[in-house]
Amino acid sequence: MTRILAFVGMPASGKSEASAVLRRKGIAVINMGDVIREEVVRRGLEPTDANTGGVGTELRETEGRDAVARRCVPKIKEADSDFIGIDGVRSVPEVECFKEAFGDDFTLVSIDSPLEVRFARVMARKRSDDMQDIDALKVRDERELGWGMGEAMDKADIVITNNSSLEEFSKKIRALVE
Ligand SMILES: Nc1ncnc2c1ncn2[C@@H]1O[C@H](COP(=O)(O)OP(=O)(O)OP(=O)(O)O)[C@@H](O)[C@H]1O
(Lines give C-alpha, C1' and ligand atoms only; values in the text may rest on other atoms or scores of the structure.)
Protein backbone atom coordinates (compact mmCIF):
# COMPACT_ATOMS: atom_id res chain seq x y z
CA MET A 1 0.00 0.00 0.00
CA THR A 2 1.29 3.43 -0.94
CA ARG A 3 -0.01 6.48 0.95
CA ILE A 4 -0.05 9.55 -1.28
CA LEU A 5 -0.01 13.22 -0.31
CA ALA A 6 -0.70 15.49 -3.29
CA PHE A 7 -0.35 19.26 -3.17
CA VAL A 8 -2.56 21.74 -4.99
CA GLY A 9 -2.32 25.52 -4.68
CA MET A 10 -2.00 28.81 -6.48
CA PRO A 11 1.37 29.95 -7.89
CA ALA A 12 3.96 30.51 -5.14
CA SER A 13 1.61 29.19 -2.44
CA GLY A 14 4.30 26.84 -1.08
CA LYS A 15 3.96 23.55 -2.98
CA SER A 16 7.73 23.23 -3.56
CA GLU A 17 8.43 23.99 0.10
CA ALA A 18 5.91 21.31 1.13
CA SER A 19 7.60 18.86 -1.28
CA ALA A 20 10.99 19.77 0.20
CA VAL A 21 9.71 18.85 3.68
CA LEU A 22 8.71 15.41 2.34
CA ARG A 23 12.05 14.93 0.58
CA ARG A 24 13.94 15.80 3.77
CA LYS A 25 12.00 12.96 5.39
CA GLY A 26 13.23 10.61 2.64
CA ILE A 27 9.87 10.57 0.83
CA ALA A 28 10.02 10.68 -2.98
CA VAL A 29 7.98 13.44 -4.64
CA ILE A 30 6.74 13.22 -8.22
CA ASN A 31 6.55 16.61 -9.91
CA MET A 32 3.79 16.60 -12.52
CA GLY A 33 5.68 19.20 -14.55
CA ASP A 34 8.63 16.77 -14.79
CA VAL A 35 6.30 14.22 -16.42
CA ILE A 36 5.71 16.74 -19.22
CA ARG A 37 9.43 17.58 -19.46
CA GLU A 38 10.14 13.84 -19.84
CA GLU A 39 7.73 13.67 -22.77
CA VAL A 40 9.40 16.72 -24.35
CA VAL A 41 12.79 14.99 -24.15
CA ARG A 42 11.31 11.71 -25.44
CA ARG A 43 10.18 13.61 -28.53
CA GLY A 44 13.70 14.92 -29.07
CA LEU A 45 12.72 18.52 -28.26
CA GLU A 46 14.59 21.03 -26.10
CA PRO A 47 12.95 21.35 -22.67
CA THR A 48 12.17 25.07 -23.09
CA ASP A 49 9.17 26.78 -21.51
CA ALA A 50 7.48 27.02 -24.94
CA ASN A 51 8.00 23.29 -25.66
CA THR A 52 6.80 22.10 -22.24
CA GLY A 53 3.77 24.42 -22.51
CA GLY A 54 2.99 23.13 -26.00
CA VAL A 55 3.44 19.44 -25.18
CA GLY A 56 1.41 19.83 -21.96
CA THR A 57 -1.49 21.40 -23.84
CA GLU A 58 -1.27 18.81 -26.61
CA LEU A 59 -1.24 15.89 -24.15
CA ARG A 60 -4.38 17.22 -22.46
CA GLU A 61 -6.09 17.78 -25.81
CA THR A 62 -5.27 14.37 -27.28
CA GLU A 63 -5.29 12.14 -24.19
CA GLY A 64 -7.75 13.99 -21.94
CA ARG A 65 -7.46 16.51 -19.12
CA ASP A 66 -6.10 13.85 -16.77
CA ALA A 67 -3.30 12.86 -19.19
CA VAL A 68 -0.46 13.87 -16.86
CA ALA A 69 -2.04 12.21 -13.82
CA ARG A 70 -2.52 8.99 -15.79
CA ARG A 71 1.19 8.94 -16.58
CA CYS A 72 1.97 9.36 -12.87
CA VAL A 73 -0.11 6.33 -11.79
CA PRO A 74 2.29 3.60 -13.07
CA LYS A 75 5.25 5.57 -11.72
CA ILE A 76 3.68 5.54 -8.26
CA LYS A 77 2.83 1.84 -8.52
CA GLU A 78 6.32 0.94 -9.75
CA ALA A 79 7.98 2.93 -6.96
CA ASP A 80 6.33 0.48 -4.55
CA SER A 81 7.05 2.68 -1.53
CA ASP A 82 5.00 3.30 1.61
CA PHE A 83 4.66 7.02 1.03
CA ILE A 84 4.84 9.31 -2.01
CA GLY A 85 4.29 13.02 -2.63
CA ILE A 86 2.83 14.62 -5.75
CA ASP A 87 3.50 18.26 -6.58
CA GLY A 88 1.37 20.06 -9.14
CA VAL A 89 -2.20 18.76 -9.29
CA ARG A 90 -4.11 21.29 -11.41
CA SER A 91 -7.61 20.04 -12.21
CA VAL A 92 -10.51 17.92 -11.04
CA PRO A 93 -10.04 15.18 -13.70
CA GLU A 94 -6.52 14.69 -12.29
CA VAL A 95 -7.89 14.37 -8.75
CA GLU A 96 -10.49 11.87 -9.98
CA CYS A 97 -7.81 9.85 -11.78
CA PHE A 98 -5.75 9.52 -8.59
CA LYS A 99 -8.82 8.79 -6.44
CA GLU A 100 -9.85 6.04 -8.84
CA ALA A 101 -6.37 4.50 -8.81
CA PHE A 102 -5.60 4.82 -5.10
CA GLY A 103 -8.91 5.45 -3.27
CA ASP A 104 -8.57 6.58 0.32
CA ASP A 105 -4.78 6.22 0.20
CA PHE A 106 -4.78 9.44 -1.86
CA THR A 107 -5.00 12.65 0.18
CA LEU A 108 -5.31 15.99 -1.57
CA VAL A 109 -3.79 18.89 0.37
CA SER A 110 -4.67 22.42 -0.67
CA ILE A 111 -2.10 25.06 0.25
CA ASP A 112 -3.77 28.36 0.91
CA SER A 113 -1.85 31.63 0.82
CA PRO A 114 -3.19 35.12 0.01
CA LEU A 115 -2.21 37.00 -3.16
CA GLU A 116 -0.17 39.73 -1.41
CA VAL A 117 1.82 37.19 0.61
CA ARG A 118 2.50 35.12 -2.50
CA PHE A 119 3.58 38.19 -4.41
CA ALA A 120 6.07 39.20 -1.70
CA ARG A 121 7.54 35.68 -1.86
CA VAL A 122 7.76 35.76 -5.66
CA MET A 123 9.71 39.02 -5.39
CA ALA A 124 12.09 37.42 -2.88
CA ARG A 125 12.54 34.15 -4.82
CA LYS A 126 13.73 35.78 -8.10
CA ARG A 127 13.02 32.76 -10.33
CA SER A 128 13.73 33.49 -14.00
CA ASP A 129 10.17 32.74 -15.16
CA ASP A 130 8.56 34.74 -12.34
CA MET A 131 6.34 37.78 -12.75
CA GLN A 132 7.57 41.28 -11.98
CA ASP A 133 4.39 42.95 -10.69
CA ILE A 134 1.27 41.92 -8.83
CA ASP A 135 -0.90 42.28 -11.96
CA ALA A 136 1.24 39.67 -13.71
CA LEU A 137 0.72 37.33 -10.75
CA LYS A 138 -3.04 37.97 -11.04
CA VAL A 139 -2.86 37.02 -14.74
CA ARG A 140 -1.02 33.82 -13.83
CA ASP A 141 -3.63 33.09 -11.14
CA GLU A 142 -6.41 33.56 -13.70
CA ARG A 143 -4.67 31.20 -16.13
CA GLU A 144 -4.35 28.49 -13.48
CA LEU A 145 -7.96 29.04 -12.35
CA GLY A 146 -8.99 28.75 -16.01
CA TRP A 147 -7.48 25.25 -16.05
CA GLY A 148 -9.77 24.30 -13.16
CA MET A 149 -7.38 24.78 -10.25
CA GLY A 150 -10.08 26.42 -8.08
CA GLU A 151 -12.37 23.40 -8.43
CA ALA A 152 -9.44 21.07 -7.72
CA MET A 153 -8.66 23.06 -4.54
CA ASP A 154 -12.31 22.69 -3.50
CA LYS A 155 -11.85 18.90 -3.67
CA ALA A 156 -9.06 18.96 -1.08
CA ASP A 157 -9.28 16.61 1.90
CA ILE A 158 -7.15 19.00 3.96
CA VAL A 159 -6.42 22.75 3.72
CA ILE A 160 -3.12 24.07 5.09
CA THR A 161 -2.60 27.82 5.32
CA ASN A 162 0.82 29.23 4.54
CA ASN A 163 0.72 32.85 5.60
CA SER A 164 3.37 33.07 8.31
CA SER A 165 6.93 31.77 8.61
CA LEU A 166 8.46 28.94 6.63
CA GLU A 167 9.22 27.16 9.92
CA GLU A 168 5.55 27.34 10.90
CA PHE A 169 4.53 25.96 7.50
CA SER A 170 7.14 23.17 7.56
CA LYS A 171 5.91 22.17 11.01
CA LYS A 172 2.34 21.81 9.68
CA ILE A 173 3.52 19.65 6.77
CA ARG A 174 5.66 17.49 9.06
CA ALA A 175 2.67 17.00 11.37
CA LEU A 176 0.57 15.96 8.39
CA VAL A 177 3.11 13.34 7.32
CA GLU A 178 3.48 11.98 10.83
N1 LIG B 1 6.00 30.47 4.89
C2 LIG B 1 6.92 30.98 4.07
N3 LIG B 1 7.73 31.96 4.51
C4 LIG B 1 8.64 32.52 3.70
N5 LIG B 1 8.86 32.15 2.43
C6 LIG B 1 8.09 31.18 1.92
C7 LIG B 1 7.09 30.53 2.71
N8 LIG B 1 6.47 29.61 1.93
C9 LIG B 1 7.06 29.66 0.72
N10 LIG B 1 8.04 30.60 0.72
C11 LIG B 1 8.88 30.98 -0.41
O12 LIG B 1 8.00 31.52 -1.39
C13 LIG B 1 8.40 31.12 -2.69
C14 LIG B 1 7.24 30.36 -3.33
O15 LIG B 1 7.07 29.10 -2.68
P16 LIG B 1 7.13 27.75 -3.54
O17 LIG B 1 8.18 27.85 -4.59
O18 LIG B 1 7.17 26.62 -2.57
O19 LIG B 1 5.68 27.84 -4.20
P20 LIG B 1 5.01 26.89 -5.32
O21 LIG B 1 3.59 26.74 -4.88
O22 LIG B 1 5.82 25.67 -5.51
O23 LIG B 1 5.11 27.87 -6.57
P24 LIG B 1 4.89 27.61 -8.16
O25 LIG B 1 3.52 27.05 -8.34
O26 LIG B 1 4.99 29.00 -8.70
O27 LIG B 1 6.01 26.72 -8.59
C28 LIG B 1 9.67 30.29 -2.52
O29 LIG B 1 10.79 31.11 -2.67
C30 LIG B 1 9.56 29.81 -1.08
O31 LIG B 1 10.81 29.53 -0.51
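Since we're looking at a predicted model, the values are computed, not measured. (Residues numbered from 1 in each chain as written. Predicted model: local features only at pLDDT ≥ 70, side-chain atom pairs only at ≥ 80, totals over all residues. Heavy atoms only, no water.)

Engineer: How do you make sense of unusual backbone geometry when you look at a structure like this?
Structural biologist: Only a minority of non-glycine residues have a phi that is not negative, and only a minority of peptide bonds are not trans. Positive phi values are uncommon outside glycine, yet Ala 12 reaches one of about 60 degrees. Take Ala 12: its relative accessible area is 14%, and that puts it in the buried class. Positioned with a positive phi, Asp 80 is a non-glycine residue whose angle comes to about 50 degrees. Tracing the backbone through its elements, the reader meets Asp 80 in the loop between α4 (67-79) and β3 (83-87). (Buried < 20%, exposed > 50% of the residue type's maximum accessible area, 1.4 Å probe, protein only. Helix = DSSP H or I, 4+ residues; strand = E, 2+ residues; numbered from the N terminus.)

Engineer: It is not clear to me how the site of the ligand should be interpreted in this structure. Could you clarify?
Structural biologist: Close contacts around the ligand come from 16 residues, with Lys 15, Ser 16, Glu 17, Arg 125 and Asn 162 the closest. Contact between the ligand and Lys 15: an oxygen atom at 2.7 Å from a side-chain N or O atom of the residue. Between the ligand and Ser 164, the relevant distance is 2.9 Å, taken from a nitrogen atom to a main-chain nitrogen or oxygen of the residue. Relative to its unbound accessible surface of 630 Å², the ligand loses 83% to contact with the protein. (Near = heavy atom within 4 Å. Polar contact = N/O pair within 3.5 Å; in protein donor to acceptor, adjacent residues only side chain to side chain. Areas by Shrake-Rupley, 256 points an atom, 1.4 Å probe, with all protein chains shown as cover.)

Engineer: Is there a simple way to think about α4 in this case?
Structural biologist: Taking 1.5 Å per residue, 13 residues should reach 18 Å; α4 reaches 19 Å between its end C-alpha atoms and fits that length. Buried residues belonging to α4 abut β1 (3-9), β2 (28-31), α2 (32-42), α3 (49-63), β3 and α5 (92-102). Two residues or fewer after α4 comes Asp 80, characterised by a positive phi angle close to 50 degrees. (Expected span 1.5 Å × (residues − 1). Contact = heavy atoms within 4.5 Å.)

Engineer: Would you mind showing me how to read the pairing of β1 here?
Structural biologist: Side-chain positions along a regular strand alternate between the two faces of the sheet. Counted residue by residue, β1 has 6 buried out of 7 residues, so it is predominantly covered. Examined bridge by bridge, β1 and β3 share 5 bridges and lie parallel to one another. If you follow Ile 4 over to β3, its bridge partner there is Ile 84. In the sheet, β1 pairs with strand β4 (residues 106-112) via 6 bridges, with the strands oriented parallel. (Pairing = 2+ DSSP bridges.)

Engineer: I would appreciate a short explanation of the UniProt feature "binding site: ATP" (unreviewed entry) in the protein chain in the present structure.
Structural biologist: Annotation from UniProt places "binding site: ATP" (unreviewed entry) at Gly 9, Met 10, Pro 11, Ala 12, Ser 13, Gly 14, Lys 15 and Ser 16. Checked against the element boundaries, Ala 12 lands in the loop between β1 and α1 (15-24). Residues contacting Ala 12, with those up to four places away along its chain left out, are Arg 118, Val 122 and Arg 125. In contact with Ser 13, not counting residues within four places along its chain, are Ile 111, Ser 113, Arg 118, Arg 121 and Asn 162. (UniProt positions renumbered as here; feature names shortened; annotations may be inferred.)

Engineer: Would you mind going over the pattern of salt bridges with me for this structure?
Structural biologist: One side chain can pair with another of opposite charge once the charged atoms of both are near each other. What the rule picks out here adds up to 15 salt bridges. Residue Asp 66 is joined to Arg 70 by a salt bridge in which the shortest nitrogen-to-oxygen separation is 3.1 Å. Where salt bridges share partners, they join Glu 39, Arg 42, Arg 43, Glu 58, Glu 63 and Arg 71 into one cluster. (Salt bridge = Lys/Arg side-chain N within 4 Å of Asp/Glu carboxyl O.)

Engineer: What exactly am I supposed to notice about α2 here?
Structural biologist: In an α-helix, one turn spans 3.6 residues, which is why side chains three or four residues apart end up on the same side. Burial in α2 covers these residues: Met 32, Val 35, Ile 36, Glu 39 and Val 40. Along the axis of α2, the buried residues cluster in a sector spanning 145 degrees; they form a single face. On its buried face, α2 is in contact with β2, α3, α4, β3 and α5. Between a side-chain oxygen at the N-terminus of α2 and the backbone nitrogen of Gly 33 the separation is 2.7 Å; the capping residue is Asn 31. Of the residues flanking the end of α2, it is Gly 44, one or two places downstream, whose phi is positive at about 75 degrees. (Arc of directions from axis to C-beta.)

Engineer: Help me understand the packing of aromatic side chains in this model?
Structural biologist: Note on aromatic pairs: each is described by the distance of the centres and the angle between the planes. The full count for this structure, using the stated rule, is 1 aromatic pair. Between Phe 98 and Phe 106, the aromatic rings sit 5.2 Å apart at their centres with planes inclined by 20 degrees, giving stacked as the arrangement. In terms of burial, Phe 98 and Phe 106 fall into one category: buried. Lys 77 extends its terminal NZ or CZ atom over the ring of Phe 102, reaching a point 5.8 Å from the ring centre. (Phe/Tyr/Trp six-rings, centres within 6.5 Å; stacked < 30°, edge-to-face > 60°. Lys NZ or Arg CZ within 6 Å of the ring centre and 35° of its normal.)

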